[in-house]
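Remarks on the overall topology
Single-letter residue listing:
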Amino acid sequence: MSEALQELIEIAGRHARGRRTRTAVPRVSIGRSEVATAPLPGVWGSGILFVLQGAKTVLIGSRALRYKPASYFIYTVETPTISQIVEASAARPYLAIGLTLDLQAVAALLVEHAPALGGDSFFSTTPVDDDLLDALRRMMRLLDRPAEIPVLATMLEREMLFRLLQGPQGGKLRELARADGHLSRIGQAIAWIRSHSHQPVRVGDLAEIAHMSSAAFYRHFKAATAMSPIQYQKQIRLLEARHLLIAQPGNVASVAFAVGYESASQFSREYARQFGSPPARDAARLLAEGETAIEVV
């Protein structure tokens, strides 16, 4: 293990508070778990996940990612996922750092510095190289020097983004930062789905939002999310229903209609298929498990 990685593990371990910790450094969070977890559904927004120690699998549509220590992946659009920590213990807890993307900063780098652009690895994790690891280490050191955060955090974040643009997943960042890029336009359609998830969705209408033909939209949407628009909407509806069921336990039919289902029985079937048990039973389990049912960064 490199000295930089060991120091990062020590810093993250000291500053982690529970399973998910928002830090004083803007857009940076820490994930920690001493136990392996069951598969946990959630939604990842645009950001980068760096796994420092332990191992994690993430299912995105039909694609599976596996994080090993000192690896990362860039999430370009809001994506329903099923995550599972597969290696963690009290002696060697799972530790990860999440960084929410600042797209304006990425766009500024592309205009001001025109870094050499990396590849376009959409659905595989990437080892963290020495330069990126060093930049991440210097950013996390700020947690022990909070007075320096307002001055140095933005500079170090820009350096990290610069390094990421030059890496194997740099093409995704470039495309996302372009206002007229495919990923940016797919993101507009996804924002519409998220805010209108209870309404019927037509691929043609979404294609118009994205300013693409229906065929091109469908192709780019599936490339970005590993699922069709209808599958995406279904997963968003079911995740929203899960949150509502925890807040309103026992009210399955009204939750089904609230998220856009016309049939409570169809909702229950699809919910059980997605989460492994019927709505009421699943909600009761989540309430009983408390924090252990929360997805870890």
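Look a little higher up for the structure.
What comes next is a walk through the structure. Model, not experiment: these values are computed from the prediction. (Residues numbered from 1 in each chain as written. Predicted model: local features only at pLDDT ≥ 70, side-chain atom pairs only at ≥ 80, totals over all residues. Heavy atoms only, no water.)

Attention now goes to the sheet that holds strand β10 (residues 126-127). On the basis of which strands lie adjacent, the open sheet formed by 6 strands has the order β1-β2-β9-β4-β7-β10 and antiparallel pairing. Edge positions in the open sheet fall to β1 (20-22) and β10, since each of these has one partner strand only. Pairing geometry for β1 and strand β2 (residues 28-33), over 3 bridges, is antiparallel. The residue of β2 that forms the bridge with Arg20 is Gly31. In the packing of helix α4 (residues 149-165) onto the sheet, the strands contacted are β4 (47-53), β7 (71-75) and β9 (94-100), and the crossing angle to β9 comes to about 95°. (Pairing = 2+ DSSP bridges. Helix = DSSP H or I, 4+ residues; strand = E, 2+ residues; numbered from the N terminus. Contact = heavy atoms within 4.5 Å. Axes fitted to C-alpha atoms, helices over the stretch in contact; angles between N-to-C directions.)

Of all hydrophobic cores here, the largest spans 60 residues; its most connected members are Phe50, Leu52, Met140 and Phe217. Residue contributions to this core peak at 7 residues, all from α4. In this structure Leu52 touches Leu5, Leu8, Ile9, Ala12, Pro69, Ala70, Leu95, Ala96, Ile97 and Leu136, once residues within four positions along its chain are discounted. Ile60, Phe73, Tyr75 and Phe123 belong to the second-largest nonpolar core, a separate cluster that totals 16 residues. (Core = buried A, V, L, I, M, F, W, Y, C linked by side-chain atoms within 4.5 Å. Buried < 20%, exposed > 50% of the residue type's maximum accessible area, 1.4 Å probe, protein only.)

Turning to the pattern of salt bridges, a few remarks are in order. In this structure the tally under the stated criterion is 17 salt bridges. Linking Arg285 and Asp282 is a salt bridge whose minimum nitrogen-to-oxygen distance equals 3.0 Å. In this pair, Arg285 and Asp282 both sit in helix α12 (residues 279-289), 3 residues apart, roughly one turn of the helix. Through salt bridges that share partners, Glu7, Asp134, Arg137, Arg138, Arg141, Glu159 and Arg163 make up one connected network. (Salt bridge = Lys/Arg side-chain N within 4 Å of Asp/Glu carboxyl O.)

Turning to the packing of helix α3 (residues 130-141) against α4, a few remarks are in order. Interaxial distance between α3 and α4 falls to 9 Å at its minimum, and their mutual angle equals 160°. Classed by the angle they form, the pair α3 and α4 counts as roughly antiparallel. Where α3 crosses over α4, the handedness of that crossing is left-handed. The segment α3 lies against α4, with Asp131, Leu132, Ala135, Leu136, Arg138 and Met139 engaging Ala153, Leu156, Glu157, Glu159, Met160, Arg163 and Leu164. Looking at side-chain class alone, the contact of α3 with α4 contains 8 nonpolar, no polar and 5 charged residues. (Parallel < 35°, antiparallel > 145°, perpendicular 65-115°, else oblique. Left-handed = near helix turned anticlockwise from the far one by under 90°. Nonpolar A, V, L, I, M, F, W, Y, C, P; charged D, E, K, R; others polar.)

Let's shift gears to unusual backbone geometry. A positive phi angle, close to 70°, is found at Arg27, a residue other than glycine. Residue position: Arg27 is located in the loop between β1 and β2. One non-glycine residue, Ala226, lies in positive phi territory at about 65°. You can see Ala226 is positioned in the loop between α8 (214-225) and α9 (229-247). Judged by relative accessible area, Ala226 falls into the buried class, the value being 6%.

For α12, the full list of buried residues reads Pro279, Asp282, Ala283 and Leu286. Buried residues of α12 fall within an arc of 100° about the axis and therefore sit on the same side. Exposed and oriented more than 90 degrees from the buried face of α12 are Arg281 and Ala288. Of the surrounding elements, those touching the buried residues of α12 are α9, α10 (252-258) and α11 (264-275). (Arc of directions from axis to C-beta.)

So, to be careful, I would describe these as geometric facts and stop short of saying anything about function.
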